[in-house]
Amino acid sequence: MTNSTAKLNKNIFEIVVVGTSLGGLDALSVLLAGLPDSFPLPVVIVQHRHRSSSSRLTDFLQHQSSLQITEAEDKEPIAPGRVYLAPADYHLLVESPCEWEKSVPENYLRGWGSVAVEPTDNSNSPILCRGSFTFALSTDAPVCHARPSIDVLFESAADAFGERAIGIILTGASCDGSAGLAKIKAEGGLTFVEEPASALCRTMPACAIANVEVDWILPLSKIAPCLVNLLKLKN
């Protein structure tokens, strides 16, 4: 693992993106159950599923989580402390806010959606607002034989949030997500992969580990506690 104190101390995180496939229902249940209702970041999930899949996935996961869970809608503003699922048969992308907001100094806008990992000197880090990021839905061709595609979500999150993104790859039966996780890593974001030994299907996490210098490789049960600890939250 390549996580460094310096990197964690300087990064201000604004979004968590998660990708999973085979075995994802159980994996997401564990991950979401471990996030407290005070978790401040949006969590955006691509779970590979059949194009005719119903909304029962949302209902099932809601019983496992204290955070509100909904399917993402086109042009919907991304809210803090919410969990969003990619709808069946649509790619889910993150869109950046207006260009003018990118020119505003970091300490000018303050509000939701950004959590600074607490520095080692225990100084107070500000919570910064970056404007209104939104979702976009696409019916473009499948990527890695999947729609929704994990790579599509992760790459758009890396483009929109850069080093402020956290990417997580869980159990799955393809290599979808590896390229997107690499993009998050290249932009300076934080990367997590489920330890293949704990995954129902080790193909997806193993592929990510083989292609990305991952920051954290953890058993499934340890990922949510690690996130909470990094963001200095209390359960």
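Criteria and thresholds
- Residues numbered from 1 in each chain as written.
- Predicted model: local features only at pLDDT ≥ 70, side-chain atom pairs only at ≥ 80, totals over all residues.
- Heavy atoms only, no water.
- Helix = DSSP H or I, 4+ residues; strand = E, 2+ residues; numbered from the N terminus.
- Buried < 20%, exposed > 50% of the residue type's maximum accessible area, 1.4 Å probe, protein only.
- Contact = heavy atoms within 4.5 Å.
- Areas by Shrake-Rupley, 256 points an atom, 1.4 Å probe, with all protein chains shown as cover.
- Disulfide = S-S within 2.5 Å.
- pLDDT = per-residue confidence, 0-100.
- Salt bridge = Lys/Arg side-chain N within 4 Å of Asp/Glu carboxyl O.

A. View of the overall build of the chain. Summing up its helical and strand segments, the chain has eight helices and eleven strands in all. Residues counted as buried form 54% of the 235 residues belonging to the chain. Within the chain, residue pairs in contact and separated by at least 24 positions form 76% of the contacts whose partners lie at least 6 positions apart. Within the structure as shown, the chain displays about 10,300 Å² of accessible surface, and the carbon and sulfur contribution to it stands at 51%.

B. Expanded view of the state of the cysteines. On inspection of all chains with the given rule, the structure shows one disulfide. Each sulfur in the disulfide pair Cys175 and Cys207 lies 2.2 Å from the other. Every disulfide takes its handedness from the sign of the S-S torsion; for Cys175 and Cys207 that torsion is 115 degrees, giving right-handed. Taken as a pair, Cys175 in the loop between strand 9 (165-169) and helix 6 (178-186) and Cys207 in helix 7 (residues 203-211) lie far apart in primary sequence, 32 residues in all. When its relative accessible area of 37% is taken as the criterion, Cys175 is described as partly exposed. Classification of Cys207 by relative accessible area gives buried; the value is 13%.

C. Representation of the confidence of the model for the chain within the structure. Summary statistics for the chain give a mean pLDDT of 84 and a share of 78% for residues scoring 70 or more. Low confidence marks residues 99-113, where pLDDT is under 50. Its contacts with residues over four positions away, or in another chain, come to 30 contacts. In the model, residues 117-130 has pLDDT below 50 throughout and makes 41 contacts with residues more than four positions away in sequence or in other chains.

D. Region of interest: the pattern of salt bridges. One pass over the full model with this rule turns up seven salt bridges. For Glu76, the salt bridge goes to Arg82, with nearest N and O atoms at 3.8 Å. On the basis of relative accessibility, which here comes to 17%, the residue Arg82 falls in the buried class.

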